[in-house]
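Chain by chain, the residues:
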Amino acid sequence: MRFKSVVPAILLGIPIPESENPFLVAPVAEAIVDVEFQRCPSPRISYEGVGGIEGLIQSFWLKLSKGLGLSLCSTLKLLEVETPSKPPRGGLYASLTATLLYALHRFHGDTVGVLDIVETSSLVDLADVDRSWGIAVEALRYSAVAGKPVAYRGPLEVYEFEGRRGVRVEVLDYAGNLRSLVSRDSLGSSVYGALVHLMGEAVLEASMRIRDGAEVREAVETLKPIHDAVALAVYGLKPRGEKCLWSPGLPWSFDEVCIVE
């Protein structure tokens, strides 16, 4: 089975541990993916061209197979990615795992909705992840399956921006295995709450501007200083240019992306 899949990126929103803030996500590339399944005694997956996330894809498939009691082997081939550079790792992982689960339903003759894919995938790979990062990965998967920009805070708090285009980005760098530099205990509840509130309000403000007619890129660039300030405060990350930002992807990891005109 061959699919065209969206690769998204978070353009506003920083995971602050122990918080449940929204994220603004938009498509930044399209991918062509081939998926095949075969009956086999022991589940396994082979892959081609998946851009350095082989271990994560394998772990997802094995956990999914065990949870569903499957005896299937899968082949996943990333044939093409339409992007000025390499795709963001977080968005690519969200896109490929969502496509894999969608293809599995197709293989069994089932239909599946966006939220079904998001919720099932979250049970597979987000059980032990801090909720702030769990929401970030869910937001990426929702945008990947819906194929459009979204504001996402959870399955019951999601808004799809109909008629709005994604954003073209260039991926410059990757930062992994990060830990928060701040906590509720270190800052105190009031300051910590204010930081969480500031980031959440910035995402909501950008979302309202997009809803009212602004393009995604325009809204992101206007509220980007808040995103950058929180990324610096919480993770010590500073972008290298005014068009660049650190985009949350895989848990405790960021892709540095620069918006391309």
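Let me sum up the structure you'll find in this document. One numbering rule holds for all chains: residues counted from 1, following each sequence as written. This being a predicted model, a pLDDT of at least 70 is required before a residue's local features are given, and a value of 80 or more before pairs of side-chain atoms are given or counted; all residues contribute to the totals for chains, interfaces and linings. Excluded from the side-chain calculation are hydrogens and water; included are all heavy atoms of the structure.

### Re the side chain of aspartate 255
Definition in use: A helix here means a DSSP run of H or I that spans at least four residues, while a strand means a run of E at least two residues long, and both kinds are numbered starting from the N terminus. Whether a residue is buried, partly exposed or exposed follows from its accessible area with a 1.4 Å probe, protein chains only, as a fraction of its type maximum: under 20%, in between, or over 50%, in that order. Within this scheme the basic residues Lys and Arg register as positive and the acidic residues Asp and Glu register as negative, but His and the chain ends are omitted. One side-chain nitrogen of Lys or Arg within 4 Å of one carboxyl oxygen of Asp or Glu is enough to make a salt bridge. Polar contact is the term for a pair of N or O atoms within 3.5 Å; when the atoms are in protein, one must be able to donate a hydrogen and the other to accept it, and sequence-neighboring residues count only if both atoms are side-chain atoms. Contact definition: two residues touch when any of their heavy atoms are within 4.5 Å.
Within the secondary structure, aspartate 255 is located in strand S9 (residues 254-259). Despite being buried, aspartate 255 has no salt bridge partner; arginine 89 is the closest side chain of opposite charge, sitting 5.1 Å away. Separated by 3.2 Å, the side chain of aspartate 255 and the backbone nitrogen of arginine 89 make a polar contact. A polar side-chain atom of aspartate 255 sits 3.3 Å from the main-chain amide nitrogen of glycine 90. Apart from residues lying up to four places away in sequence, aspartate 255 is in contact with Pro88, Arg89, Gly90, Asp173, Tyr174, Leu245, Trp246 and Ser247.

### Quick notes on the packing of helix H1 (residues 54-68) against helix H3 (residues 114-125)
Put simply, the rule is: An axis is simply a line fitted to the C-alpha atoms; with a helix, the fit covers only the stretch in contact. Between two such axes, the angle follows the N-to-C directions and lies from 0 to 180 degrees. Each angle is binned into one of four classes, with values under 35 degrees roughly parallel, values over 145 roughly antiparallel, values of 65 to 115 roughly perpendicular, and all other values oblique. In this count, Pro and Cys sit with the nonpolar residues alongside Ala, Val, Leu, Ile, Met, Phe, Trp and Tyr, while Asp, Glu, Lys and Arg are called charged and the others, Gly among them, polar.
It is the contact of H1 with H3, at a shortest axis distance of 9 Å, that shows an interaxial angle of 100°. Viewed along their axes, H1 and H3 adopt a mutual orientation that is roughly perpendicular. Residues Phe60, Lys63 and Leu64 of H1 lie in contact with H3, whose contacting residues are Thr120, Ser121, Val124 and Asp125. When the residues that make up the contact of H1 with H3 are grouped by side-chain class, the tally is three nonpolar, two polar and two charged.

### Quick look at the packing of aromatic side chains
Operational definition: Each pair of aromatic rings taken from Phe, Tyr and Trp, with Trp reduced to its six-membered ring, is defined by centres within 6.5 Å and is described as stacked if the planes are under 30 degrees apart, edge-to-face if over 60, and tilted in the remaining cases.
A complete count under the given rule lists nine aromatic pairs for this structure. Seen in terms of ring centroids, phenylalanine 3 and tyrosine 102 are 5.7 Å apart; in terms of plane orientation they differ by 80°. Their pairing is edge-to-face. Taken together, the residues phenylalanine 3 in strand S1 (residues 2-12) and tyrosine 102 in helix H2 (residues 89-107) connect sequence positions 99 residues apart. A relative accessible area of 30% places tyrosine 102 in the partly exposed class. Relative to tyrosine 152, the ring of tyrosine 142 lies with its centre 5.8 Å away and its plane at 45°, an arrangement referred to as tilted. Taken as a pair, tyrosine 142 in helix H4 (residues 131-146) and tyrosine 152 in strand S5 (residues 150-154) lie far apart in primary sequence, 10 residues in all.

### Brief notes about the sheet that holds strand S7 (residues 169-175)
This is how it is decided: We treat two strands as partners when DSSP finds at least two bridges between them.
The sheet built from three strands is open, its strands ordered S7-S9-S8 with antiparallel pairing. Looking at which strands have only one partner, the edges of the open sheet turn out to be S7 and strand S8 (244-248). Between one strand axis and the next, the sheet turns by 30° as a mean value, whatever way the strands run. Where S8 lies against S9, five bridges are found, and the strand directions are antiparallel. Note on S9: the bridge partner recorded for cysteine 244 is cysteine 258.

### Observations regarding the nonpolar core
The following threshold applies: To define a nonpolar core, start from buried Ala, Val, Leu, Ile, Met, Phe, Trp, Tyr and Cys residues and group those joined through side-chain atoms within 4.5 Å.
Counting residues in each nonpolar core, the largest one holds 40 residues, and the members touching the most others are Ile16, Leu24, Val220, Tyr235, Leu237 and Phe254. Mapped onto this core, the elements with two or more residues apiece are S1, strand S2 (23-39), S7, helix H6 (189-211), helix H7 (216-235), S8 and S9. In this structure, leucine 237 is in contact with Ala175, Leu178, Asp228, Ala231, Leu232, Trp246 and Phe254, ignoring residues within four places of it in sequence. Core analysis: the next-biggest nonpolar cluster, separate from the first, contains 30 residues, Ile53, Trp61, Tyr93 and Ala98 among them.

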